[in-house]
Amino acid sequence: MSQTMTRTVATLVQREWLQHRFAWALMAIVPLGLAFLFVSVGRIEFDGADATPPGQLALMLAAVPAAAGMALLLAIAAIAGLFTVAVLARRDHGDRSVQFWLSLPVPHSAALGVPLVVHMVVVPAAAMLVGWLGGQALGALLVGRIAGLAALAEVPWTVLLPATATMTLRFLAGLPLAVLWVLPLVLLLTLMYAWFRRWGWVILVAGIGLQGLLDELSFGQRWLLSTAGDLLRHAGLALAGASKAGLSFQDGDEAAAVVQAMQALPAMALRDFGAALADLASPLFVGGLLFSAGCFALLLRWRQREAGASS
């Protein structure tokens, strides 16, 4: 990457940071803050907690918040990023700030592509890391609150931390793949908003519904909705579950079996990521990339035309 391109990317990333940093901070602080407040002062009860062995209970209380925190912040960041990217094309045209960006050596492809990567990949990845770190602290607090401070020493942290870190790394590695799977849907939504403003989403939903109805009446299937569903399903498998393999627990001490399963997580995560990569060799994925390239080209053409009209 040339020095000029590096400066351009850094400038565009800085712009996103300056414009959205407060909202990004709230997305992390509010859920984690509410969770810490609830765990600290709320009344927490578990059915069957008295019958659960203390070691197994402490392990469960320490492990669940890390996974839940990562998944929750990922979902929040992904939804927020989708809404931001959907209106990305017209963002600079409402206040005519596009004229300022035209005065800089910023190509239209970078002006659209860099924010898309930031909101769809970088921010969700950062949210997962924050959720994992916050979940670790929340888990330790939960163990101390429910099982007692002495139970903190019974938690196998040397096994738990690498296991949850492996799970987080698996999600991080699969995130770009998941974004590529859903990119046709995201860029289509962005293109419709660029062409028709808010009416674009109405037209898109109405068009999908009408096309699905016609297909149902004529061929007995809805290929457009089915294709969108397949893209979303493959995106989910890109994050986790592509190998269709699960954790196996041996009979005996359940706490020991859970620890053994956690120790097997790195190998399972590696196989699962390999299956996610192999899933890319699919006609649906190739077709989706071609469709995404066409939508992106149309967005560039629209931006160039609108920028020329604004100037």
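Structure report, in brief. The model shown is predicted, which means the values in this text are computed figures rather than measured ones. (Residues numbered from 1 in each chain as written. Predicted model: local features only at pLDDT ≥ 70, side-chain atom pairs only at ≥ 80, totals over all residues. Heavy atoms only, no water.)

This part is about the overall build of the protein chain. When you go through the protein chain residue by residue, the secondary structure sums to ten helices and zero strands. Mapped from its N terminus to its C terminus, the protein chain presents α and β elements in the order α-α-α-α-α-α-α-α-α-α. In the protein chain, the share of contacts with a sequence separation of at least 24, taken over all contacts with a separation of at least 6, comes to 86%. Carbon and sulfur atoms make up 70% of the accessible area of the protein chain, which amounts to about 16,800 Å² in all. (Helix = DSSP H or I, 4+ residues; strand = E, 2+ residues; numbered from the N terminus. Contact = heavy atoms within 4.5 Å. Areas by Shrake-Rupley, 256 points an atom, 1.4 Å probe, with all protein chains shown as cover.)

Another aspect to go through is the pattern of salt bridges. Opposite charge on two side chains makes pairing possible when the charged atoms of those side chains draw close. Throughout the structure, instances matching the rule amount to one salt bridge. We note a salt bridge from Arg 170 to Asp 272, for which the minimum N-O separation is 2.9 Å. Residue Arg 170 is located in helix α5 (residues 157–196), and its partner Asp 272 is located in helix α9 (residues 265–278); the two are separated by 102 residues in the primary sequence. (Salt bridge = Lys/Arg side-chain N within 4 Å of Asp/Glu carboxyl O.)

All right, on to the packing of α5 against α9 then. Two elements in contact, α5 and α9, have axes separated by 9 Å at closest approach and are oriented at 5°. By the angle class used here, α5 and α9 are roughly parallel. The residues of α9 that touch α5, namely those facing Ala 163, Thr 166, Arg 170, Ala 173, Gly 174 and Leu 177, are Leu 265, Pro 266, Ala 269, Asp 272, Phe 273, Ala 276 and Leu 277. The residue inventory of the contact of α5 with α9, partitioned by class, reads nine nonpolar, two polar and two charged. (Axes fitted to C-alpha atoms, helices over the stretch in contact; angles between N-to-C directions. Parallel < 35°, antiparallel > 145°, perpendicular 65-115°, else oblique. Nonpolar A, V, L, I, M, F, W, Y, C, P; charged D, E, K, R; others polar.)

Look at helix α1 (residues 3–41) against helix α4 (residues 108–146): their axes get within 9 Å of each other, and the N-to-C directions meet at 25°. Judged by the inter-axis angle, α1 sits roughly parallel to α4. The crossing of α1 and α4 is right-handed. Residue composition of the contact of α1 with α4, grouped by class: 24 nonpolar, five polar and two charged. (Left-handed = near helix turned anticlockwise from the far one by under 90°.)

This part covers the nonpolar core. Formed by 35 residues in total, the largest nonpolar core has its most connected members in Leu 175, Trp 181 and Leu 299. Examining the composition of this core, we find that twelve residues originate from one element, α5, more than from any other. When neighbours within four sequence positions are excluded, Leu 175 is seen to be in contact with Leu 74, Met 120, Val 121, Pro 124, Ala 125, Met 128 and Leu 239. Judged by nonpolar contacts, the second largest core, of 19 residues, contains Leu 59, Leu 142, Val 143 and Ala 151. (Core = buried A, V, L, I, M, F, W, Y, C linked by side-chain atoms within 4.5 Å. Buried < 20%, exposed > 50% of the residue type's maximum accessible area, 1.4 Å probe, protein only.)

The geometry of an aromatic ring pair is captured by two quantities: the separation of the ring centres and the angle between the planes. Applying the stated criterion to the full structure yields three aromatic pairs. Here the aromatic rings of Trp 17 and Trp 24 are separated by 6.2 Å at their centres, their planes lie at 40°, and the arrangement is tilted. A relative accessible area of 46% places Trp 17 in the partly exposed class. Under the relative-accessibility criterion, Trp 24 is labelled buried at 18%. (Phe/Tyr/Trp six-rings, centres within 6.5 Å; stacked < 30°, edge-to-face > 60°.)

As a further point, take α4. A rise of 1.5 Å per residue sets the reference length of α4, with its 39 residues, at 57 Å; its end C-alpha atoms lie 55 Å apart and thus fit the reference within 8%. The axis of α4 is deflected most strongly, by about 35°, at Val 118. Immediately downstream of α4, the backbone of Gly 148 shows phi near 100°, a positive value. (Expected span 1.5 Å × (residues − 1). Bend = angle between axes of the 7 residues up to and from the residue.)

Moving on, we come to a nonpolar patch on the surface. A cluster of nonpolar side chains, Phe 22, Leu 26, Val 30, Leu 34, Leu 37 and Val 41, forms an exposed patch at the surface whose accessible area comes to about 620 Å². Looking at the element boundaries, Leu 34 is found in helix α1. (Patch = residues over 30% accessible without salt bridge, like charges linked within 9 Å, V, L, I, M, F, W, Y side chains within 5 Å.)

Bringing α1 into the picture now. In a regular helix each residue adds 1.5 Å, so 39 residues correspond to 57 Å; α1 covers 53 Å between its end C-alpha atoms and thus fits that length. Roughly 65° is the biggest bend found in α1, and it falls at His 20. Among the residues making up α1, those that are buried are Thr 8, Leu 12, Arg 15, Glu 16, His 20, Trp 24, Met 27, Ala 28, Pro 31, Leu 32 and Val 39.

Here we come to the environment of Met 192. Following the sequence through the fold, Met 192 ends up in helix α5. Put simply, Met 192 and Ala 89 are 103 residues apart on the chain and 9.9 Å apart in space, counted from C-alpha to C-alpha. Once residues lying within four places of it in the same chain are set aside, the contact partners of Met 192 are Arg 197, Gly 200, Ile 203 and Leu 204.

Turning to the side chain of Arg 303, a few remarks are in order. Examined against the element boundaries, Arg 303 turns out to sit in helix α10 (residues 283–310). One polar contact links Arg 303 to His 108, side chain to side chain, over a distance of 3.0 Å. (Polar contact = N/O pair within 3.5 Å; in protein donor to acceptor, adjacent residues only side chain to side chain.)

Attention shifts here to the side chain of Glu 16. Tracing the sequence through the fold places Glu 16 in helix α1. Only 2.7 Å separates the side chain of Glu 16 from the side chain of His 119, close enough to count as a polar contact.

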